[in-house]
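Each chain, letter by letter, is given below.
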There are 2 protein chains.
Amino acid sequence: MNYSRQRELILKVLKETPIHPTADEIYSALKKYLPNISLATVYRNLNQLALNGEIKKIENLETCAHFDHNIHKHHHFICIKCNKIYDIPQEVSKDIEKKVSSLTGLQVTGHNISFQGICNACQHKKTTL
Amino acid sequence: MNYSRQRELILKVLKETPIHPTADEIYSALKKYLPNISLATVYRNLNQLALNGEIKKIENLETCAHFDHNIHKHHHFICIKCNKIYDIPQEVSKDIEKKVSSLTGLQVTGHNISFQGICNACQHKKTTL
DNA sequence: ACAATAATAACAATCATTATCATTTTTTGC
DNA sequence: GCAAAAAATGATAATGATTGTTATTATTGT
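Note that the structure is a prediction, hence the values are computed from the model and not measured.

1. Points about the protein's contact with DNA strand C
Close to DNA strand C lie 21 residues; Tyr43 of chain A together with Ser4, Thr41, Arg44 and Ala65 of chain B are nearest. Restricting attention to atoms of DNA strand C within 4 Å of the protein, one finds that 75% of them are sugar or phosphate atoms. One nitrogen or oxygen atom from the side chain of Asn47 of chain A is found 3.0 Å from a phosphate oxygen belonging to DNA strand C. Arg7 of chain B places a side-chain nitrogen or oxygen 3.3 Å from a phosphate oxygen of DNA strand C. Element by element, the count of residues in the surface near DNA strand C is highest for helix α3 (residues 39-51) of chain A, at five residues. A class-by-class count of the residues in the surface near DNA strand C yields nine nonpolar, nine polar and three charged.

So, in structure tokens, the structure goes:
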């Protein structure tokens, strides 16, 4: 990665804000200093910085919503090989909301966990297709 | 909610599949029975059914990616009032991956938790604006 | 059977994000 | 310091998931 003024400023803006801005928020903040910057440049650099491990991209693996006939609370596991979603009983995280509350003072009304990994089917698949 | 053939079939398809399909996957499956069904109808019904509590919509509260200069592992808390994102130390969920592994046999390589609730600032705000 | 109401299909519109590509900036070897 | 090579940029088109619009069709209570 070579130097670029826009990348330097993107990093600066991100490091100076306590919130976790979206690409668009960074873009807006940058316009003061670089009125001609393109939103695509912001996206490009954020993705590159994240790939490089210099920043972290917070997103969910699921690119679109999924629907579930199981309406009792539970968590999900997404297989990184086949992308299938499996149910995880929510008992694995009981008490976690209380833990967060007492640690932070935040009023926690819910949580959900997505686990990633390799499902049983994919574990047993031959690696060579 | 009145009866409709398409809604009935949407529910049927959803109840019969063990995976957690996307709207588009349900749409494709339905085309066999209702060749003229519209994708918008599938979306509309899934959302209504989810509002009614008959099914569950799995999605994340964050509609778009956020970027974080804090690259050590941690979880996030999103305030349902102001939408701000706060960091939660990941120690609150240590051992949870092992728990899931031994319970299910899945090979868990990671997890992330998003907590929802009301942040300290919003807790102290007057409810009447 | 019929008017009132709700749901539909088709398609335009939106939002976040990525791809394309000609132009500009940065690096590098001399 | 300077020209060629490599990388990054800005403008904009394209994409994918989802929602809005509207004229048409189905459902319901009477």
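2. Regarding a positive patch on the surface
A contiguous patch of positive charge, built from Lys94 and Lys99 of chain A together with Lys94 and Lys99 of chain B, is present on the exposed surface. Its place among the elements puts Lys94 of chain B in the loop between β4 (85-89) and α4 (96-104).

3. Brief notes about the relation of the copies chain A and chain B
Between chain A and chain B, the superposition needs a rotation of 180° and an axial shift of 0.0 Å, giving an RMSD of 0.1 Å. When the rotation and shift are considered jointly, the pair of chain copies conforms to a two-fold rotation axis. For chain A, the smallest separation between a C-alpha atom and the rotation axis is recorded for Ile113 of chain A, amounting to 2.2 Å. Both copies share a contact surface, since 98% of the interface residues of chain A are interface residues in chain B too.

4. Some thoughts on the state of the cysteines
Residue and element names in this part refer to chain B. For the structure on display, the rule yields zero disulfides over all chains. Its sulfur unpaired, Cys119 is 3.8 Å from the next cysteine sulfur, which belongs to Cys122. Among the residues examined, Cys119 registers a relative accessible area of 0% and is labelled buried.

5. Remarks on the interface of chain A and chain B
Taken together, the contact between chain A and chain B spans 62 residues of the former and 62 residues of the latter. Of the roughly 5,600 Å² buried where chain A meets chain B, counting both sides, 61% is carbon and sulfur surface. Looking only at chain A, the three residues that lose the most surface to chain B are His20, Lys56 and Phe67 of chain A, adding up to 15% of its buried area. Across the chain A-chain B interface, the total number found is zero salt bridges. Between the two partners, chain A and chain B, sit 30 residue pairs in polar contact (both at pLDDT 80 or more). Residue composition of the side of chain A that touches chain B, grouped by class: 27 nonpolar, 24 polar and eleven charged. Bridge analysis of strand β1 (residues 56-58) of chain A against strand β2 (residues 66-68) of chain B gives three bridges, and the strand direction is antiparallel. Note that in β2 of chain B the partner of Lys57 of chain A across the bridge is Phe67 of chain B.

6. Here we look at the protein's contact with DNA strand D
Not every one of the 20 residues close to DNA strand D is listed here, only the nearest: Asn2, Ser4, Gln6 and Thr41 of chain A together with Tyr43 of chain B. Within 4 Å of the protein, atoms of DNA strand D come from sugar and phosphate in 77% of cases. Asn2 of chain A is positioned with one of its backbone polar atoms (N or O) 3.1 Å from a phosphate oxygen of DNA strand D. Contact distances for DNA strand D include 2.7 Å between a phosphate oxygen and a side-chain N or O atom of Thr41 of chain A. Secondary-structure elements contributing two or more residues to the surface near DNA strand D are α1 (5-16) and α3 of chain A together with α3 (39-51) of chain B. Split into classes, the residues belonging to the surface near DNA strand D amount to nine nonpolar, nine polar and two charged.

7. Some details on the nonpolar core
Side chains that are nonpolar tend, in soluble globular proteins, to be buried together. Residues Phe77, Ile88 and Phe115 of chain A together with Phe77, Ile88 and Phe115 of chain B are the most contacted members of the largest nonpolar core, which totals 26 residues. Going through the elements one at a time, β3 (74-79), α4 (96-104) and β5 (107-118) of chain A together with β3 (74-79), α4 and β5 (107-118) of chain B are the ones with two or more residues in this core. In this view, Phe77 of chain A contacts Lys84, Ile85, Tyr86, Ile88, Phe115, Gln116, Gly117, Ile118 and Cys119 of chain A together with Leu106, Gln107 and Val108 of chain B; residues no more than four positions away in its chain are not counted. If you look at the next biggest cluster of nonpolar residues, it comprises 17 residues, including Ile10, Val13 and Leu14 of chain A together with Ala65 of chain B.

Cut-offs applied
- Residues numbered from 1 in each chain as written.
- Chains lettered and ligands numbered in written order.
- Predicted model: local features only at pLDDT ≥ 70, side-chain atom pairs only at ≥ 80, totals over all residues.
- Heavy atoms only, no water.
- Near = heavy atom within 4 Å.
- Polar contact = N/O pair within 3.5 Å; in protein donor to acceptor, adjacent residues only side chain to side chain.
- Helix = DSSP H or I, 4+ residues; strand = E, 2+ residues; numbered from the N terminus.
- Nonpolar A, V, L, I, M, F, W, Y, C, P; charged D, E, K, R; others polar.
- Patch = residues over 30% accessible without salt bridge, like charges linked within 9 Å, V, L, I, M, F, W, Y side chains within 5 Å.
- Areas by Shrake-Rupley, 256 points an atom, 1.4 Å probe, with all protein chains shown as cover.
- Salt bridge = Lys/Arg side-chain N within 4 Å of Asp/Glu carboxyl O.
- Lys, Arg positive; Asp, Glu negative; His and termini not counted.
- Charge placed at Lys NZ, Arg CZ, Asp CG, Glu CD.
- Least-squares fit on C-alpha atoms with pLDDT ≥ 70 in both.
- Contact = heavy atoms within 4.5 Å.
- Disulfide = S-S within 2.5 Å.
- Buried < 20%, exposed > 50% of the residue type's maximum accessible area, 1.4 Å probe, protein only.
- Buried area = accessible area lost by both parts, 1.4 Å probe.
- Pairing = 2+ DSSP bridges.
- Core = buried A, V, L, I, M, F, W, Y, C linked by side-chain atoms within 4.5 Å.

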